Amino acid sequence: MKSLGSKPWLLPQPVLIIGTYCKNGEPNAMNAAWAGTWDMHEIMISIGAHATTENLNAKGEFTVAFATADTLVASDFVGIISAKNDAQKMEKTNWTAIKAENVDAPVFTAFPMTLECRIKEKIDESESGYYIIAEVVNVLCDEAYLAEDGKPDVERMNLITYDPVHHGYIQLGKNIGKAFSDGKKLK
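Here the structure is a predicted model, which means the values were calculated and not measured.

(A) Just the nonpolar core, in detail. Formed by 21 residues in total, the largest nonpolar core has its most connected members in Ile18, Ile43, Phe62, Val64, Cys117 and Ile132. Counting residues in each nonpolar core, the second largest holds 15 residues, with Val15, Val78, Phe108 and Phe111 among its members.

(B) Summary view of the packing of aromatic side chains. Overall, the coordinates contain 3 aromatic pairs when judged by the stated rule. Relative to Phe111, the ring of Trp95 lies with its centre 4.9 Å away and its plane at 75°, an arrangement referred to as edge-to-face. Taken together, the residues Trp95 in the loop between α3 (89-93) and β7 (97-99) and Phe111 in the loop between β8 (106-108) and β9 (113-126) connect sequence positions 16 residues apart. On the basis of relative accessible area, Trp95 is assigned to the buried category, the value being 12%. Residue class for Phe111 comes out buried when judged on its relative accessible area of 4%.

(C) Inspection of the pattern of salt bridges at higher detail. Enumeration over the complete set of coordinates arrives at 8 salt bridges. In this structure, Lys92 engages Asp86 in a salt bridge whose closest nitrogen and oxygen atoms are separated by 2.8 Å. When its relative accessible area of 14% is taken as the criterion, Asp86 is described as buried. Through salt bridges with shared partners, a single ionic network connects Lys59, Lys99 and Asp104.

(D) Looking closely at the state of the cysteines. Inspection of the entire model under this criterion finds 0 disulfides. Between Cys22, a cysteine without a disulfide, and Cys117, which holds the nearest cysteine sulfur, the sulfur-to-sulfur distance is 18 Å. Take Cys141: it sits in no disulfide, and the sulfur closest to it among the cysteines is that of Cys117, at 15 Å.

(E) How the structure looks around the sheet that holds strand β5 (residues 42-48). Taken together, 7 strands build an open sheet; the order of strands is β3-β2-β6-β9-β10-β5-β4 and the sheet is antiparallel. Lying at the two open borders of the sheet, with one neighbouring strand each, are β3 (27-32) and β4 (35-39). In this sheet, adjacent strand axes meet at a mean angle of 35° when their direction is disregarded. Strand contacts of helix α1 (residues 51-59): β2 (16-21), β3, β5, β6 (61-66), β9 and β10 (129-141), with the helix running at about 55° to β2, the strand carrying the most contacts. Taken strand by strand, helix α2 (residues 72-80) contacts β2 and β3, and its axis lies near 95° from that of β3.

Cut-offs and rules
Residues numbered from 1 in each chain as written. Predicted model: local features only at pLDDT ≥ 70, side-chain atom pairs only at ≥ 80, totals over all residues. Heavy atoms only, no water. Core = buried A, V, L, I, M, F, W, Y, C linked by side-chain atoms within 4.5 Å. Buried < 20%, exposed > 50% of the residue type's maximum accessible area, 1.4 Å probe, protein only. Phe/Tyr/Trp six-rings, centres within 6.5 Å; stacked < 30°, edge-to-face > 60°. Helix = DSSP H or I, 4+ residues; strand = E, 2+ residues; numbered from the N terminus. Salt bridge = Lys/Arg side-chain N within 4 Å of Asp/Glu carboxyl O. Disulfide = S-S within 2.5 Å. Pairing = 2+ DSSP bridges. Axes fitted to C-alpha atoms, helices over the stretch in contact; angles between N-to-C directions. Contact = heavy atoms within 4.5 Å.

And the structure:
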C-alpha cells in the first residue's frame, strides 16, 4: 500500500446545501461537505467564515438540502460564490425558495430532500468559523422521491458526493445490499 500522508479523506462526503436568510430577508445558500450524523436527531457541520455563518449567528436556524446530479452546477456555484460578493447569486441558480415549515430558513424546491435544523451548540468558535451541532427538527421530502413504504427513496434521488481526493463530484449508484441483515450470512 502507498502511504499518502495525513488527509481528511472520509469517503464519501455529502454535498450539502445550507439554506439561510440574510439580514435583508433574502434566501442564501452555500455548499458544505464536512458534515455528518452526530446523534439520533442531530447533525454536525464544519463551517468557515461565510455570509452563511453570519446568517446562522443571527437566527440559529437553517435548512440542509442534499445536492443531486441535476443540481450539480448551481450547487457548486453557491460553494464558490459568496453572497457578500454577488448580490445576484441566488437568482443565477434559478432555485425557487419557500419558507420552511418549522424553522426560519428557506427550502429550495429543486432538491428532493431537506432537513430543517436548529443550532444546539457551536464548538471551537473563532474568526475562521466553528462546528455546528444542530437538531434536525423535521425532514421534508418531495413526494416524487418517496418509496412504496412512504419513506425517502435515496436511490432515485441521484445524490452526489464530493471527492476530496480529486476535487470532483461523483453520482451515487444503486442499492447493493441490506444493512443490519446481509452480515448475518456470516453468523
